[in-house]
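Listed below, chain by chain, are the residues.
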Amino acid sequence: MACDKSSSGMNSGWRVYLEPGALRMAVFGFSSGLPLLLVIGTLGFWLREAGVDLATIGFFSWVGLIYGFKWIWAPLVDRMPIPVLSSTLGRRRAWLLAAQLMLACALLGLAITDPQKDLFVFAGLAMLAAFSSATQDIALDAYRIESAGERRQAAYAAMYQTGYRLGMIWAGAGALAIAAWAGHGASGYMHYAWTVSYGVMAASVLVGVAATLLSPEPLHNDSRDELSADNTQIPLRERLNTALIGPFSDFFRRFGWAALLVLALIATYRISDVVMGVMANPFYQDLGFTKEEVAAVSKVFGVIMTLLGAFVGGAAAMRYGVLPVLLAGAVLSSLTNLLFSVLAGIGANLTFLVVTVSADNLAAGLASAAFVAYLSGLTSSKYSATQYALFSSIMLLLPKFLAGFSGMAVEAFGYERFFIGTALMGLPVFVLVWLVMRCAPKSATGKN
């Protein structure tokens, strides 16, 4: 009987992935994952092919710091209505549509701008794309959290991360493959090829637009005050204090001393991934892999292992809890960085590239599903958008700042020692996860 109950529980855990809400999360995850590589990773390959030096490419990754400051305007996304759109679509979907349209325009701008001729304008458009993407993420995270109860958060997070990784793969492998096709296999730099590639990526934003228009508005607490001039029942000063100060005071009130431990874990959990990731595409290019090879490996083996990692991570989190899976993801993410160091010593070996990318995506899928579920569990329903934006911002600030120096590190120490260094960055994360598991109160373990 115990075995039957266990089997029934596992089947129930897997069936959640077929729910309409879960499938919707996969589409929204694709919409969220699409822009990231287009302003950081794939952009690095483009810049390197255009002759931009590694140090500049490393500093260019600071565009990603915009994601780390989205908590600043998150209260507006959380509470301020957009004229016409909010009354028609609802608070969450209005902000989603506005951000997605702005993102499409920014990507089109990048498509027609040549970094060899105007790097300054190119950087500005990349910043606009990142801002639009971050705004979309604020609204999407709130939508996801408000669309599922606590029990389904891990599964919904897994579906979201699956779609997110598919979006990243399309923006990475897909964009490279399109650029290679448009350039007719030419080995040199051809701006037209990248124009076609980023034009297709801009059109891909329509997937998210369609999902926004066809999805229902989530059930959130409509009694919350909005930052609109029409709401005259409460003084403006009090409304601003509630919107801007409330989310932070609520977090520290609920978690007490453990808040600092939790923030330290959030700030460092993805440090080895992010710092290493900036140099991944320039590394492939410098090692001698073609755009077609990188695209094929990322698309085939990357997709399979990411899906496997995300689904296993989501199902395991539902069965064993989020924190044990979070610890496993941290360990695996650091260890896979060592494979990149080995690849640097071997050279352009396609078989080992497959092994490296497969392991890296498996670890990333598992870790991301658990981490998103953990962050979601820390939020209060009263401030879901603002608090999740705060957590995800803290998650990126330190890693993105350090990643800006990654190009200089590679130039100074070489790829092999650089990747070993990024693996060692994960050691404090293991300790922090263990401390949260052993020392923090239950409220700080991601369970509301």
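Residues numbered from 1 in each chain as written. Predicted model: local features only at pLDDT ≥ 70, side-chain atom pairs only at ≥ 80, totals over all residues. Heavy atoms only, no water.

## Description of the overall build of the protein
Item 1. A count of helices and strands for the protein gives 23 helices and zero strands.
Item 2. Here the protein, with 448 residues, has 59% of them falling under the buried criterion.
Item 3. At a minimum sequence separation of 6, the contacts of the protein that also span at least 24 residues come to 84%.
Item 4. With an accessible surface of roughly 17800 Å², the protein has 68% of that area assigned to carbon and sulfur atoms. (Helix = DSSP H or I, 4+ residues; strand = E, 2+ residues; numbered from the N terminus. Buried < 20%, exposed > 50% of the residue type's maximum accessible area, 1.4 Å probe, protein only. Contact = heavy atoms within 4.5 Å. Areas by Shrake-Rupley, 256 points an atom, 1.4 Å probe, with all protein chains shown as cover.)

## Concerning the packing of helix 8 (residues 91–111) against helix 9 (residues 119–146)
A pair of packed helices is characterised by two quantities: the angle between their axes and the separation of those axes.
Item 1. Packing of helix 8 against helix 9 brings their axes to within 8 Å, and their N-to-C directions diverge by 155°. Put simply, helix 8 runs roughly antiparallel to helix 9. Viewed along their axes, helix 8 and helix 9 form a crossing whose handedness is left-handed.
Item 2. When grouped by side-chain class, the residues that make up the contact of helix 8 with helix 9 number 18 nonpolar, five polar and three charged. (Axes fitted to C-alpha atoms, helices over the stretch in contact; angles between N-to-C directions. Parallel < 35°, antiparallel > 145°, perpendicular 65-115°, else oblique. Left-handed = near helix turned anticlockwise from the far one by under 90°. Nonpolar A, V, L, I, M, F, W, Y, C, P; charged D, E, K, R; others polar.)

## A look at unusual backbone geometry
Item 1. For Val84, which is not a glycine, the phi torsion comes out positive at approximately 70°.
Item 2. Examined against the element boundaries, Val84 turns out to sit in the loop between helix 6 (74–79) and helix 7 (85–89).
Item 3. Residue Val84 is classed as exposed on the basis of its relative accessible area of 62%.

## As for the packing of aromatic side chains
Item 1. Taken as a whole and assessed by the stated rule, the structure comprises 18 aromatic pairs.
Item 2. Through successive ring pairs, a cluster of aromatic residues spans Phe283, Tyr284, Phe340, Tyr415, Phe418 and Phe419.
Item 3. The ring centre of Tyr160 lies 5.2 Å from the NZ or CZ of Arg144, which sits over that ring. (Phe/Tyr/Trp six-rings, centres within 6.5 Å; stacked < 30°, edge-to-face > 60°. Lys NZ or Arg CZ within 6 Å of the ring centre and 35° of its normal.)

## Notes on the confidence of the model for the protein
Low pLDDT means the predicted coordinates in that region are not meant to be read closely.
Item 1. For the protein, per-residue confidence averages 82 on the pLDDT scale, and 85% of positions sit at 70 or higher.
Item 2. Scored below 50 in pLDDT, residues 1–11 makes two contacts in the model with residues more than four places away or belonging to other chains. (pLDDT = per-residue confidence, 0-100.)

## Here we look at the side chain of Ser32
Item 1. Residue placement: Ser32 occurs in helix 2 (residues 20–39).
Item 2. By relative accessible area, which is 2% here, Ser32 ends up buried.
Item 3. Within the structure, the side chain of Ser32 is placed 2.6 Å from the side chain of Asp137, a separation counted as a polar contact.
Item 4. Excluding residues within four positions of it along the chain, Ser32 makes contact with Ser133, Gln136, Asp137, Leu140, Tyr160 and Tyr164. (Polar contact = N/O pair within 3.5 Å; in protein donor to acceptor, adjacent residues only side chain to side chain.)

## Description of the packing of helix 21 (residues 406–413) against helix 22 (residues 415–424)
Item 1. The geometry of helix 21 relative to helix 22 is characterised by a closest axis approach of 7 Å and an angle of 130° between their N-to-C directions. Here helix 21 lies oblique to helix 22, going by the angle between them. Contacts from Ser406, Ala409, Val410 and Phe413 in helix 21 reach Tyr415, Arg417 and Phe418 in helix 22.
Item 2. Its residues placed into classes, the contact of helix 21 with helix 22 shows five nonpolar, one polar and one charged.

## Side note on the pattern of salt bridges
Item 1. A full pass over the atoms with the stated rule returns four salt bridges.
Item 2. Between Arg92 and Glu146 there is a salt bridge, with the nearest N and O atoms lying 2.7 Å from each other. Placement of Arg92 in helix 8 and of Glu146 in helix 9 is noted, with a sequence separation of 54 residues between them.
Item 3. By relative accessible area, which is 1% here, Arg92 ends up buried.
Item 4. Residue Glu146 is classed as buried on the basis of its relative accessible area of 14%.
Item 5. One salt bridge in this structure joins Arg93 and Glu217, with 3.8 Å as the shortest N-O distance. With Arg93 in helix 8 and Glu217 in the loop between helix 11 (191–214) and helix 12 (236–244), this residue pair connects regions lying 124 residues apart in the sequence.
Item 6. On the accessibility criterion, Arg93 (10% relative accessible area) is buried. (Salt bridge = Lys/Arg side-chain N within 4 Å of Asp/Glu carboxyl O.)

## Examining a nonpolar patch on the surface
Item 1. A cluster of nonpolar residues, Leu332, Leu335, Leu338, Ile420, Leu424 and Leu427, forms a patch on the protein surface that exposes about 510 Å² of accessible area.
Item 2. With three residues, the single largest contributor to the nonpolar patch is helix 18 (residues 322–346).
Item 3. Residue placement: Leu332 occurs in helix 18.
Item 4. Under the relative-accessibility criterion, Leu332 is labelled partly exposed at 34%. (Patch = residues over 30% accessible without salt bridge, like charges linked within 9 Å, V, L, I, M, F, W, Y side chains within 5 Å.)

## As for the environment of Leu125
Item 1. Along the chain, the position of Leu125 falls in helix 9.
Item 2. Along the primary structure Leu125 and Val39 are separated by 86 residues, whereas in three dimensions their C-alpha atoms are 9.1 Å apart.

## Some remarks on helix 3 (residues 41–49)
Item 1. Counted residue by residue, helix 3 has eight buried out of nine residues, so it is predominantly covered.
Item 2. Where helix 3 is concerned, the buried positions are Gly41, Thr42, Leu43, Gly44, Phe45, Trp46, Leu47 and Glu49.
Item 3. Gly51 sits one or two positions beyond helix 3 and adopts a positive phi of about 95°.

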